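Structural description and commentary
As a plain string of letters, each chain reads:
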Amino acid sequence: MTGQPGRTGRGGSQASAGDLLELVRSGRATTRGALQQATGLSRATVGQRLERLFRAGWLREGAGGPVDSPLGGRPSITLEFDDEHAVVLAADLDTRHARAALLTLTGEILAERSGTLVVEDGPEAVLGALGGWFAELLERAGHRAGEVCGIGLAVPGPVDSETGRVVQPPIMPGWDGYDIRGRLARAFTEHTGAGAVPVLVDNDANLMAYGEQRTSYPDCSAFVLVKVSTGIGAGVVVDGSIYRGIDGGAGDIGHIRVPEGAETLCRCGSYGCLAAVASGGAVARRLVEAGVPAASGSDVRQLLATGHPDAAGLAREAGRRVGEVLATVVTLLNPGVLMIAGDLAGTPFVTGVRELLYQRALPRSTAHLEVVTSRLGERAGLVGAGALVVEYLYAPERAEERLRALGV
């Protein structure tokens, strides 16, 4: 007897093996029967497509589920995404510092390292060094380079997601339009001997927002993260996806003009940018003027951790300036969560944000708003970069391409 026609999947065709994988990964259908019901495919067709996923090592059988029929019978065998068949590499660049990690497909960090990498040294040197870091992480964790399915990279500048190239980055001299994907893929191969793997690049605030939202606020349909470090940037996640704008420029709030900075020159070459008066770098300059040594936002963070009164006062003032801009952001986007992250994300700065935000934003926009600080801390960008790679590689269309390439 012929089964009913399969419901159409992406692209108007019947649900593919990639579509079935997405149903299992999302938890919407985790048994063969549930997959039949969700797709309309026959039992035989579901079985054939699942067999491809089993042969690829992407699915495994779990424990038996509850018996759905009132007549009893054997419990249904559940299906699970097998997160042990591959690993992901991720890196998060700041202006003078970087972190890198080896992660499982579900975001668990297996090995991690950090150190000084100066973006002003240029992409050739920085990305080459990351290749060495990746080889070290694989060795430390006991994984082969051939197990790596992809690499994710967070950078402190606007990124065209189609090309993976940064576009006129104010604090990344020498990186504009550079082929980051190609160079990092080559660096990985040079240091490990493995073949090229896909490389995905995105803005650091975007990936921090993505990591935080997926990990701690998966049910929040409108999530905003603001990173305040050397510069200021925002990441926006709407309905589970990063909102980038038409060419990667969304969230660049650090270059909104503010009246208080009319005579202050920003690193982008303009006067009056929010980042020029309220970033970690701006607070560091103010501290130096007051006779307190501070070369960067990370120095300000250390001073805040010790309760330095001048640092706390300037951080609160910076928070008020950022809060005034965020009042417009919150009114426009009406998010459920506004997360403050980065070097200044402590009590003085957040207090300043709250003071101006609730004073200037419409009460309707803040009635259900949570203003919180980062939960993942310095790992947020790494977790987000890893998740970006996994979602890209196991999306239905891409999964189908990879299955065909594997010959299954």
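To keep things clear, this report deals only with the structure shown in the data block. (Residues numbered from 1 in each chain as written. Predicted model: local features only at pLDDT ≥ 70, side-chain atom pairs only at ≥ 80, totals over all residues. Heavy atoms only, no water.)

1. Observations concerning the overall build of the chain
The helix and strand inventory of the chain stands at 14 helices and 14 strands. In summary, the chain has a C-alpha radius of gyration of 24 Å against a globular reference of 22 Å for 408 residues, a match within 12%. In the chain, which comprises 408 residues, the share counted as buried stands at 51%. Sequence-distant contacts in the chain: of pairs separated by 6 or more residues, those separated by 24 or more amount to 60%. Roughly 18,400 Å² of accessible area belongs to the chain as shown, and the carbon and sulfur atoms make up 49% of that amount. Taken together, the 39 basic and 46 acidic charged side chains of the chain have centroids lying 4 Å from each other. (Helix = DSSP H or I, 4+ residues; strand = E, 2+ residues; numbered from the N terminus. Rg over C-alpha atoms; globule rule 2.2 N^0.38 Å. Buried < 20%, exposed > 50% of the residue type's maximum accessible area, 1.4 Å probe, protein only. Contact = heavy atoms within 4.5 Å. Areas by Shrake-Rupley, 256 points an atom, 1.4 Å probe, with all protein chains shown as cover. Lys, Arg positive; Asp, Glu negative; His and termini not counted. Charge placed at Lys NZ, Arg CZ, Asp CG, Glu CD.)

2. Description of the packing of aromatic side chains
Geometrically, a pair of aromatic rings is defined through the distance of the ring centres and the angle of the planes. Considering all chains together, one arrives at 3 aromatic pairs under this definition. Measuring from ring centre to ring centre gives 5.1 Å for Trp58 and Tyr394, while their planes differ by 80°; the resulting arrangement is edge-to-face. Taken together, the positions of Trp58 in the loop between helix H3 (43-56) and strand S1 (59-64) and Tyr394 in the loop between helix H13 (380-393) and helix H14 (396-406) put the pair 336 residues apart, joining distant regions of the chain. Judged on exposure class, the residue Trp58 and its partner Tyr394 are both buried. Here Tyr217 and Phe223 contribute two aromatic rings whose centre-to-centre distance is 5.8 Å and whose plane-to-plane angle is 40°, an arrangement assigned as tilted. One cation-aromatic arrangement involves Arg25 over Phe81; the distance from NZ or CZ to the ring centre is 5.2 Å. When the ring centre of Tyr394 is taken as reference, the NZ or CZ atom of Arg402 above it lies at 4.7 Å. (Phe/Tyr/Trp six-rings, centres within 6.5 Å; stacked < 30°, edge-to-face > 60°. Lys NZ or Arg CZ within 6 Å of the ring centre and 35° of its normal.)

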